[in-house]
Amino acid sequence: MNSPDPAVLLDALPNVSLDRGKRTDSITSARFEALVRSNQTSIFRVAYRLTGDRDEAEDLVQEALIEAFEAFGKFRAGTHFDRWVFRIMRNTFVDSRRRRDKSKLDSLDAATNAVSGERRELGISPFSADTELMSRTLDGPIQDALDGLPAEFRMVVILTDIEGLSYEEVSNVVGRPIGTVRSRLHRGRMILKEKLGAYVRS
Amino acid sequence: MTCIRCQNLLSGYADGSLPTAHVSRIQAHLSGCESCRRQLEELVALKRLLGSVETPDAGLEFWTAALKRIPPGAARRRRALRAVLGIRVAGAAIVALVIGYAMLRQPAEYDSTNPQAPVAVATFDPAALVSMHAQVRAGRPLADTGKVRFAIIEGNARDYANDDQLDSQ
């Protein structure tokens, strides 16, 4: 078959109007913004616990929001917007860590983690049975312990124990079967239990 | 039930996510095993600790700035592209289809009063192009009230082929 002349095809194509685009856009933007603002706490919380660093968390959220907006047509209204964004953040985070690991030396990585740790307040109170008091003052050690987990373990622990998602909901966010979620969760918690031993032992 | 087996299930047990058969066997084991009981208590304490952690918010300014930094045309470009393609394209790795304004080349908002000269087709699979044209024609995805000249759609056709959520407007 002869290659068709593009010019001929172009003339034959239907005329398509996109003039409605602008008005549709501002409605979409408003919807998107409303969803972001009403889910901002959990979105940032997951980003912060995942990255362990405030600046990195803000970058992660920013990247994820841009991707989320581009993919907004795929978001089903009425479903959990924050969980949809968690999924995007997880993918973005894994990609950026992979890129970073390729170009970074081990010593640089360690230095970065050390700085992150210092930036968090490490006011540790004497051992107390009051969990709330402990958690406020233990943010540093808790985040340090989370940082020590492989990213996949960290993600499921954050989603289950900090965000309160069920196994099935976590499975939907991370895109892995429930059995995998179960296993990663258990292994992640066991590692955390070791690191945070003094604070969980009775 | 052995301790190893029990401990592997303790997370699920603590979360109340185990089937009842497992639950009764674990409870039987726990009633006679202090080491596993202690593991369970520590797990529960850990859950409680993690669940009560407070995270500072990013602050109002951050969110306002972050939303501002989202390129405005992004969603529209993506949606227009999907609506016009509107079909599954198999095969060709890169399909460039010249069908309207050069929208995807423009980072800024396009101006519908300023028709662009046609941009040359970069690469295309002729058979796919013909087939696409026929289907878009038949499907009439959008009502037309005006005229769009040309756009370039470039990229991996498979990305768009998998996306079956068309703009329904």
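The rules behind the values
Residues numbered from 1 in each chain as written. Chains lettered and ligands numbered in written order. Predicted model: local features only at pLDDT ≥ 70, side-chain atom pairs only at ≥ 80, totals over all residues. Heavy atoms only, no water. Helix = DSSP H or I, 4+ residues; strand = E, 2+ residues; numbered from the N terminus. Contact = heavy atoms within 4.5 Å. Areas by Shrake-Rupley, 256 points an atom, 1.4 Å probe, with all protein chains shown as cover. Buried < 20%, exposed > 50% of the residue type's maximum accessible area, 1.4 Å probe, protein only. Salt bridge = Lys/Arg side-chain N within 4 Å of Asp/Glu carboxyl O. pLDDT = per-residue confidence, 0-100. Expected span 1.5 Å × (residues − 1). Phe/Tyr/Trp six-rings, centres within 6.5 Å; stacked < 30°, edge-to-face > 60°.

Novice: Can you tell me about the overall build of chain A, naming the residues and giving the values?
Specialist: Scanning chain A for helices and strands turns up twelve helices and zero strands. The order of α-helices and β-strands along chain A, N terminus first, is α-α-α-α-α-α-α-α-α-α-α-α. Taking the contacts inside chain A whose residues are at least 6 apart along the sequence as the reference set, 65% of them involve residues at least 24 apart. Summing over all exposed atoms, chain A offers an accessible surface of approximately 10,000 Å²; the carbon and sulfur share of this is 51%.

Novice: Quick rundown of the overall build of chain B? Include the residues and the values.
Specialist: Check the secondary structure of chain B and you find seven helices and two strands. The helix and strand sequence of chain B, counted from the amino end, reads α-α-α-α-α-β-α-β-α. Across the 169 residues of chain B, 41% fall into the buried class. Partitioning the intrachain contacts of chain B with sequence separation of at least 6 by distance along the chain shows that 75% fall at a separation of at least 24.

Novice: Can you lay out the pattern of salt bridges for me, pointing to particular residues and giving the numbers?
Specialist: All chains considered together, the criterion is met by 13 salt bridges over all chains. A salt bridge links Glu-58 of chain A to Arg-54 of chain A; the nearest nitrogen and oxygen atoms lie 3.8 Å apart. Highlighted residues: Glu-58 of chain A and Arg-54 of chain A, both in helix α4 (residues 54-70), separated by four residues, approximately one helical turn. Linking Arg-189 of chain A and Asp-15 of chain B is a salt bridge whose minimum nitrogen-to-oxygen distance equals 2.9 Å. In this pair, Arg-189 of chain A sits in helix α11 (residues 178-195) while Asp-15 of chain B sits in the loop between α1 (3-14) and α2 (20-31), so the two residues belong to two different chains. With a relative accessible area of 0%, Arg-189 of chain A lands in the buried category. Here the residues in one salt-bridge network are Asp-161 and Arg-189 of chain A together with Asp-15 and Lys-47 of chain B, joined through shared partners.

Novice: Just give me the short version of the environment of Lys-195 of chain A, but keep the residues and values in it.
Specialist: Residue and element names in this part refer to chain A. Among the structural elements, Lys-195 can be located in helix α11. Judged by its relative accessible area of 45%, Lys-195 is partly exposed. Along the sequence, Lys-195 and Ile-142 sit 53 residues apart, while their C-alpha atoms lie 8.8 Å from each other. For Lys-195, the contacting residues outside a window of four places in its chain are Ala-145 and Gly-148.

Novice: Outline the confidence of the model for chain B, supporting the account with residue identities and numerical values.
Specialist: All names here are of chain B. When pLDDT is averaged along chain B, the result is 62, and 43% of the positions lie at 70 or above. In the model, residues 81-126 has pLDDT below 50 throughout and makes 123 contacts with residues more than four positions away in sequence or in other chains. Low pLDDT, under 50, characterises residues 140-169; the stretch is placed with 95 contacts to residues that sit more than four places away or in other chains.

Novice: How would you summarise helix α3 (residues 34-51) of chain B if you had to cite specific residues and measurements?
Specialist: Its 18 residues give α3 of chain B an end-to-end C-alpha distance of 25 Å, which sits within 8% of 26 Å, the value for a rise of 1.5 Å per residue. Turning to α3 of chain B, its buried residues are Cys-36, Gln-39, Leu-40, Glu-42, Leu-43, Ala-45, Leu-46, Leu-49 and Leu-50 of chain B.

Novice: Describe the confidence of the model for chain A, listing the residues and the values that go with them.
Specialist: All names here are of chain A. Overall, the predicted model of chain A reaches an average pLDDT of 79, with 70% of residues at or above 70. Counted against residues more than four places away or in other chains, residues 1-20, with its pLDDT under 50, gives 45 contacts. Every residue in residues 119-135 scores below 50 in pLDDT, and together they form 33 contacts with partners more than four places removed in sequence or on other chains.

Novice: Give me the lowdown on the packing of aromatic side chains, citing residues and values where you can.
Specialist: Residues and elements named next belong to chain A. The tally for this structure, following the rule as stated, stands at eleven aromatic pairs over all chains. Judged by centre distance (6.1 Å) and plane angle (10°), the ring pair of Phe-72 and Phe-75 falls under stacked. With respect to burial, Phe-72 and Phe-75 carry one shared label: buried. Judged by centre distance (6.5 Å) and plane angle (90°), the rings of Phe-72 and Phe-81 are edge-to-face. Taken individually, Phe-72 and Phe-81 each receive the classification buried, so the pair is uniform in this respect. Put simply, the rings of Phe-32, Phe-69, Phe-72, Phe-75, Phe-81 and Trp-84 touch in pairs and so form one group of aromatic residues.

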